[in-house]
Amino acid sequence: MGMDRREFLKLSAASVGAATVAGQASAQSLLDRIPNPFAPMPPQWFDGDVETVYSYCENCFWKCGIEVKVAGGKVRKVDGYATNPKSRGMLCPRGQGAPTQTYDPDRLKRPLIRVEGTERGDGQYREASWDEALDYIAEKMFAIRDEHGPESVAWFGHGSGDKWFASYLPGAWGSPNAAKPSVSLCTGPRETASQYTFGRGISGHEQIDWSETNYIVLIGHHIGEDTHNTQLQDFALALKRGAKLVVADPRFSTAAAKANDWLPVKPGTDTALLLAWMHVLVTEELYDAAYVEQYTLGFDRLVEHVQPYTPEWAAEITEIPADTIRRIAREMAEHAPRAVIPVSRHVVWYGNDTQRNRALYLVNVLLGNYGKPGGYYFCDAPGVDAYPAPDLPLAPSSGGCGGSTTDVEADSPFRDSVDRGLFYGSATAVQEMIPPMLTGEPYPIKGLFSYGVNLFHSIPKVDYTKEALKQLDLYVAIDVLPMEHVMWADVILPEATYLERYDDLLLQSYKTPFIAGRFPAIEAMYDTKPGWWIAKELGEKLGLGEYFPWEDMEDYLDTRLRTIGSDLEELRQQGTIVRRGRPYFADYERFNRNPLGTPSGKIEIYSERFADAGFDPMPTYEPTEQPPAGSYRLLYGRSPVHTFARTHNNAVLMDQHGENEVWIATKEAERLGVANGDYVYLENDAGVREGPVKAAVTERIRHDCVYIVHGFGHKAPLMRLANGRGASDTALQSSYTLDPISGGAGLRNNFVRVVADAPNPNHPPIKDLVADRSPV
Amino acid sequence: MVEWYGLPWSQHFWHWPTLFHFAFVALAGGMAFVTMVATLRDHPRKRTYALITMGLIVLDLFTLWVESPARWRFTHVWLFLAFTPTSPIWIGAWGLITSMVASFFVWLDRGPRQVWGALLVIGSSLALVYPGLALSVNVNRPIWSMILIVLFPLTGMVTVTALAMLFKQAWAKAFITPLSLASAGIGVLYLWGLATGVPEAQQGFAYLWSHGGPLFLVGLALLVAPAFLRRTPLLAALVPFVGATVVRSLIVEIGQHQFFGF
Amino acid sequence: MTRYAMSIDLSACVGCSACSVACTMENDVPVGNHRLWIRNTTVGTFPNLTVEFRPEQCLHCENPPCVPVCPTGCCYVTDDGIVDIDEHQCIACGACIAACPYDARSMHPDGYVTKCNFCRHRLEEGKLPACVETCPTLCRSFGDLDDPNSAVSIAIREADRVDVLRPEQGTGPNLYYLNAPSSFGLTSNIWDVKHEEGAH
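None of the values given here were measured: they were computed from a predicted structure. (Residues numbered from 1 in each chain as written. Chains lettered and ligands numbered in written order. Predicted model: local features only at pLDDT ≥ 70, side-chain atom pairs only at ≥ 80, totals over all residues.)

1. Re the overall build of chain C
Each helix and strand counted, chain C has six helices and 10 strands in total. In terms of C-alpha radius of gyration, chain C reaches 17 Å, essentially the compact-globule figure of 16 Å for 200 residues. Residue burial in chain C is summarised as follows: out of 200 residues, 62% are buried. (Helix = DSSP H or I, 4+ residues; strand = E, 2+ residues; numbered from the N terminus. Rg over C-alpha atoms; globule rule 2.2 N^0.38 Å. Buried ≥ 20, exposed ≤ 12 C-beta atoms within 10 Å, placed from the backbone.)

Written out as structure tokens, the structure is:
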């Protein structure tokens with residue numbers, strides 16, 4: 001209760017000590033320890049003084065504003081706060097449970113250097129001081145630079161600190177090979193599609209005008225299982241308001257359970273469905289003619305283009321009845337422009353993803369909802385100047401979730417990134433930075449920084465990645481937990497958790513753009529350091545000190561905030577500074593401005609640029625590869641209580657959901673002889689076997705696919721709660737289909753067999769594992 | 001399909017030591033009953049019986065203490081500082097403590113015998129009745145039906161009579177068969193009541209049947225056995241003892257299930 | 001007089017478990033215990049399916065079966081209708097756990113019974129229970145049932161359908177489930193549904 005385990009241990013150790021030293025004292029302390037049945041319960045954390053510190057959450061990347069409640073020097077609770085537009089006083093389960101990570105005894109505690117003479121993956125480390133660890137890194141980096149050039153160091157980053165390790169430091173060092181998995185393994189195609197259609201990104205936060213819409217069509221969009229706080233609030237409020245919901249998904253998802261119509265679409269055929277909707281909207285003249293006339297380019301070509309895509313044609317492909325397809329299109333039109341097909345977040349499915357997202361945007365355009373109430377709103381990040389520092393030698397290249405970056409300029413002394421030419425877009429693709437480690441083509445990658453990127457739970461072809469890592473001269477992991485990939489690194493730098501550190505300002509593009517601050521609630525535990533500190537110290541050791549002129553983060557943040565007439569103290573008091581947004585066309589037109597950034601200044605239904613590059617200028621349907629007989633398409637998704645593969649050592653969250661299950665359609669399970677709750681293996685054609693994983697035999701999924709929640713199946717013995725529970729979808733993704741436009745890695749063309757009669761691993765309850773973990 | 005995030009506390013709340021408690025409390029309550037009769041009739045062995053009663057009560061309370069999650073909190077003192085007559089456990093606690101005090105004076109052979117006897121009437125009946133009562137008040141758990149208020153004292157008396165037989169108490173022989181047969185009869189009635197009752201009871205029957213039905217029938221058969229074992233007192237004592245304990249234990253153990261989604 | 005009650009709108013709930021985790025953090029509930037948990041039940045056959053997302057916790061019954069069986073009187077009902085536990089008098093006998101038809105009471109590893117108390121400490125500060133405050137679907141309403149203008153009174157009044165768990169138990173729950181998605185009401189109030197689908 002009022003005493004945590006460590007204090008208790010200390011206490012018992014103290015009593016034992018007293019017993020051996022002085023018998024008298026021990027008798028006294030023993031008496032003290034006899035419980036008094038009349039004494040009240042020890043006070044709860046909230047009974048004493050509770051200090052509140054503003055921050056934003058880090059347990060997923062929605063980054064809700066939180067107030068951190070600290071009692072007795074320990075963070076006890078986090079809550080949303082009303083003035084933050086993302087949390088609005090509420091939080092999802094991951095946010096609520098996040099502080100548990102800070103107190104995880106399995107955390108990385110001090111810098112580690114791989115023992116000389118051991119192989120990567122052996123997991124043998126010696127403790128080092130920060131100075132020694134950073135010197136070690138700098139020395140290796142200079143060697144790489146001398147032999148191969150600075151570009152041969154790749155930088156992967158994900159999380160609030162990725163600004164430093166996937167943008168700023170690579171820019172200062174001079175490597176364009178900086179990438180975020182959140183682009184080519186997640187949102188890349190939708191961003192590219194948006195850029196080439198509207199000349200604007202979608203931003204990390206989907207800019208759907210939920211509060212104004214009356215008709216919502218979700219395609220493979222897992223709201224509810226994907227608990228992005230604000231989105232979930234808006235979704236629930238829209239339903240409460242009476243908005244109609246249609247969900248197309250091969251699986252009866254949580255969102256489908258709330259839908260008026262569920263379309264159990266055949267996996268891989270969503271584009272056909274979207275094209276048929278365009279067909280109905282165009283041929284029945286249900287589209288918003290005035291909107292199309294005013295804002296778009298190439299509509300006449302679309303009219304011709306969609307002629308063959310009749311609902312009957314789509315019904316054959318999607319297995320959704322033509323009447324239903326037609327009815328939904330008409331209902332959308334009836335509610336337009338307050339009818340919307342929100343773009344989903346993880347969109348790297350089948351390799352044709354840019355075109356599918358283009359198709360999705362174009363249906364929205366025909367409904368006339370882009371830039372109109374009830375559709376997609378416009379948003380920009382609030383402007384705050386950078387800290388005055390010299391220009392970086394190379395423009396930061398990993399981009400945001402927005403992913404769009406610029407090519408290395410022709411007159412630059414630096415080589416272009418290793419993935420240039422593999423696809424059309426200008427983002428960097430994290431999975432394409434792996435092969436040059438092995439092949440040396442177009443030039444070798446010899447060094448790698450992984451800041452919070454789980455190399456083995458995000459990038460497909462895990463075995464290939466492992467082979468590639470073995471070829472590196474330097475591999476540095478900056479993380480909080482001893483994930484499997486972390487224990488492959490040459491140098492492990494333990495980062496302080498989000499509750500223990502400052503981070504850069506959160507400049508959020510939103511309907512009401514806002515600035516949020518992160519303030520440390522407690523001192524960093526153990527010998528851990530914030531990302532900004534690691535970057536600055538390393539920068540200085542690399543001779544890049546001029547790019548880090550700030551004293552510390554307080555100086556950095558205060559200087560930046562003063563450029564907008566605020567300061568650090570004000571942000572500390574308020575947590576969030578909210579700005580006025582310009583969500584609709586009308587907000588721009590009032591000032592004779594055009595929010596569209598395409599070369600034509602219009603919404604490009606027909607893309608000249610795609611045509612010039614040899615791609616379909618308007619989306620077409622390409623059949624996807626089908627599973628061979630006896631195999632199922634491997635679909636994956638989210639648990640509401642987990643984020644990626646990051647939260648699986650969090651005792652509180654694992655206590656909620658401690659292993660993933662594979663969903664198998666009832667009839668298929670009967671055929672396979674698998675009963676609900678049985679354990680099975682999943683096996684792919686490359687011979688990868690995952691599991692044992694529990695079977696969930698259910699009516700909620702089509703017969704041609706199976707589904708598991710992403711992020712389980714850790715093979716990291718030092719993560720004592722996560723290790724060995726469930727199955728990893730990433731491990732089973734032995735191939736991917738590269739989207740030739742965006743560079744996204746289509747992950748859903750992986751097929752698995754279900755092998756019955758796996759042994760029951762008899763996972764102990766999480767509470768037993770927690771009890772067994774003595775603090776290290 | 002049911003998905004859970006977090007779990008309700010649907011696991012068993014009473015574990016195997018509790019079965020010992022239910023066995024010992026039957027012996028303790030039964031022995032208090034025997035002491036009561038002996039005291040009122042001024043039986044020559046009343047002091048011995050009183051001593052055994054105290055021993056059994058101490059053993060039972062010790063079992064309870066060992067299995068209690070609150071054993072190092074010493075909060076059991078609150079049992080005797082509160083007045084909660086609706087609680088079977090409170091009733092049982094007072095029944096046992098009353099039996100303990102009365103037995104103590106009977107053993108000392110001091111004070112008014114009739115008063116100790118009267119106290120033992122109350123104490124022993126409370127101690128005998130309360131286990132069945134503590135189960136049957138839980139209307140949410142259909143396996144613990146109302147009939148246990150009768151079944152538990154009866155089977156409790158079976159065990160103590162069997163014990164008396166083992167120690168060659170002459171009177172016991174006369175009682176073992178009628179008590180065992182009555183227990184078996186009530187046991188059959190109990191099953192019949194579940195099997196033909198409301199849907200919840202029927203579900204309870206099905207669950208009891210699938211989780212220990214045959215063993216339960218064996219228990220009932222063992223209770224019928226003394227009728228055929230009059231020539232072998234040792235068996236005539238042991239067999240119903242086992243039968244009564246099996247029946248009681250199965251009801252306590254399996255009956256913890258409630259039909260709420262698991 | 002105040003009569004606290006809660007309602008959960010099942011048409012909005014997505015079973016995300018934010019309430020459960022918030023409860024765990026707020027009340028320092030040990031790993032392995034839950035004062036609040038989520039049961040998501042699927043009924044029907046492909047493609048005609050219904051999923052009921054249902055948070056469960058102590059229902060603060062009008063007629064709580066757990067209270068009279070408590071031998072020390074540590075289980076009690078406050079003047080506001082909250083069923084609470086005075087943990088320091090608890091002897092961990094398990095009688096109340098046995099009596100609860102909803103599995104809402106659990107044994108704390110420190111040797112006492114624990115359960116939802118509507119975050120009484122927060123109510124005293126004028127705040128809502130932690131689960132209500134954090135719920136991202138805003139499906140929970142809380143307040144005084146005797147006040148017709150309280151959030152919970154309004155929510156219940158405006159609901160198309162109001163159910164309580166296991167009404168046959170006669171407990172008079174003060175936690176109301178609104179707008180259950182199935183035409184027949186709460187899934188576990190139907191014996192055969194529960195039996196077929198409940199295996200886990």
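Following the structure, the description resumes.
2. Focus on the overall build of chain A
When you go through chain A residue by residue, the secondary structure sums to 27 helices and 27 strands. In terms of overall dimensions, chain A is globule-like: its C-alpha atoms have a radius of gyration of 27 Å, near the 28 Å expected for 776 residues. C-alpha extents for chain A along the principal axes are approximately 95 × 65 × 50 Å. Within chain A, buried positions represent 59% of all 776 residues. Across chain A, every contact between residues at least 6 apart in sequence was considered, and the portion connecting residues at least 24 apart equals 73%. (Contact = placed C-beta atoms within 7 Å.)

3. Notes on the sheet that holds strand E3 (residues 48-57) of chain C
Spatially, three strands are ordered E1(B)-E2(C)-E3(C) in an open sheet, and the strand pairing comes out antiparallel. Two strands in the sheet have a free side with no partner beyond their single neighbour: strand E1 (2-5) of chain B together with E3 of chain C. Within this sheet the neighbouring strands show an average axis-to-axis angle of 15 degrees, counted without direction. Across the sheet, helix H1 (residues 18-26) of chain C lies against E1 of chain B together with strand E2 (36-45) and E3 of chain C, angled at about 165 degrees from E2(C), the strand it touches most. (Pairing = 2+ DSSP bridges. Axes fitted to C-alpha atoms, helices over the stretch in contact; angles between N-to-C directions.)

4. Here we look at helix H15 (residues 353-366) of chain A
Residues and elements named next belong to chain A. The terminal C-alpha atoms of H15 lie 20 Å apart, and with 14 residues this matches the ideal 20 Å at 1.5 Å per residue to within 8%. With 14 of its 14 residues buried, H15 lies for the most part within the structure. At the C-terminal side of H15, Gly368 shows a positive phi close to 70 degrees. (Expected span 1.5 Å × (residues − 1).)

5. Structural notes on the nonpolar core
By size, the foremost hydrophobic cluster in this structure holds 382 residues, and its most contacted members are Met278(A), Val662(A) and Val706(A). The leading source of residues in this core is helix H1 (residues 16-40) of chain B, at 13 residues. (Core = buried A, V, L, I, M, F, W, Y, C linked by C-beta atoms within 7 Å.)

6. Describing the environment of Ile57(B)
All names here are of chain B. Considering the arrangement of structural elements, one finds Ile57 in helix H2 (residues 46-67). Between the C-alpha atoms of Ile57 and Gly29, which are 28 residues apart in sequence, the distance is 8.0 Å. The residues touching Ile57, leaving out its near neighbours within four places in the chain, are Ala28, Leu96, Ser99 and Met100.

7. Side note on the interface of chain A and chain C
A common way to state how big an interface is: give the accessible area lost once the parts meet. Taken together, the contact pairs 46 residues of chain A with 35 residues of chain C. Listing elements by their share of the side of chain A that touches chain C, those giving two or more residues are strand E3 (74-80), helix H3 (93-97), helix H8 (229-240), helix H9 (254-257), helix H24 (651-656) and helix H27 (766-772) of chain A. With seven residues, the top contributor of residues to the side of chain A that touches chain C is H8(A). Taken together, the residues of the side of chain A that touches chain C sort by class into 26 nonpolar, 13 polar and seven charged. (Nonpolar A, V, L, I, M, F, W, Y, C, P; charged D, E, K, R; others polar.)

8. Describing the interface of chain C and chain B
Facing 44 residues of chain C, the contacting portion of chain B comprises 40 residues. Within the residue set of the side of chain C that touches chain B, elements represented by two or more residues are E2, helix H2 (95-99), strand E6 (106-108) and helix H6 (191-197) of chain C. For the side of chain C that touches chain B, the element with the highest residue contribution is E2(C), accounting for seven residues. Considered class by class, the residues forming the side of chain C that touches chain B number 21 nonpolar, 17 polar and six charged. Bridge count for E1(B) against E2(C) is four bridges, and the pairing is antiparallel. Bridge pairing links Glu3(B) to Asn40(C) in E2(C).

9. What about the sheet that holds strand E2 (residues 65-71) of chain A?
Residue and element names in this part refer to chain A. Taken in spatial order, the three strands of this open sheet run E1-E2-E3, and their pairing is antiparallel. Each edge of the sheet is formed by a strand with only one pairing partner; in this case those strands are strand E1 (51-56) and E3. Strand-to-strand, the axes of this sheet are offset by a mean angle of 30 degrees, without reference to chain direction. The pairing of E1 with E2 spans six bridges and is classified as antiparallel.

10. Details of the packing of H1(B) against helix H4 (residues 113-136) of chain B
Residues and elements named next belong to chain B. Here H1 crosses H4 at 155 degrees, and the two axes come no closer than 8 Å. Overall, the two elements H1 and H4 adopt an arrangement that is roughly antiparallel. Once H1 is placed against H4, the crossing between them reads as left-handed. Judged by residue contacts, Phe22, Val25, Ala28, Gly29, Gly30, Ala32, Phe33, Thr35, Met36, Thr39 and Leu40 of H1 engage Arg113, Trp116, Gly117, Leu120, Val121, Gly123, Ser124, Ala127, Leu128 and Pro131 from H4. Its residues assigned to classes, the contact of H1 with H4 shows 13 nonpolar, seven polar and one charged. (Parallel < 35°, antiparallel > 145°, perpendicular 65-115°, else oblique. Left-handed = near helix turned anticlockwise from the far one by under 90°.)

11. Examining the packing of helix H6 (residues 162-173) of chain A against helix H19 (residues 531-541) of chain A
Residue and element names in this part refer to chain A. Contact pair H6 / H19: the axes reach a minimum separation of 11 Å and the direction vectors enclose 15 degrees. The pairing of H6 with H19 is recorded here as roughly parallel in orientation. Seen from above, H6 lies across H19 with right-handed handedness. Contacts between H6 and H19 involve Trp164, Phe165, Tyr168, Leu169 and Ala172 from the first element and Gly531, Trp532, Ala535 and Gly539 from the second.

12. Focus on unusual backbone geometry
Of note, the bond from Ala336(A) into Pro337(A) is cis; its omega dihedral lies within 30 degrees of zero at 0 degrees. With respect to the secondary-structure elements, Pro337(A) resides in the loop between helix H14 (322-335) and strand E12 (339-340). In this structure, the amide linkage connecting Phe46(C) to the following residue, Pro47(C), adopts the cis form with an omega of -5 degrees. Within the secondary structure, Pro47(C) is located in the loop between E2 and E3. The backbone of Ala92(C) sits at a positive phi, close to 60 degrees, despite the residue not being glycine. Within the chain, Asn179(C) stands out as a residue other than glycine whose phi angle is a positive 50 degrees. Here Asn179(C) lies in the loop between strand E10 (175-178) and H6.

13. So, the confidence of the model for chain A
Confidence in the prediction for chain A averages 93 pLDDT; 94% of positions are at 70 or higher. Counting interchain partners and residues more than four positions distant, the pLDDT-below-50 stretch residues 1-23 of chain A has 14 contacts. (pLDDT = per-residue confidence, 0-100.)

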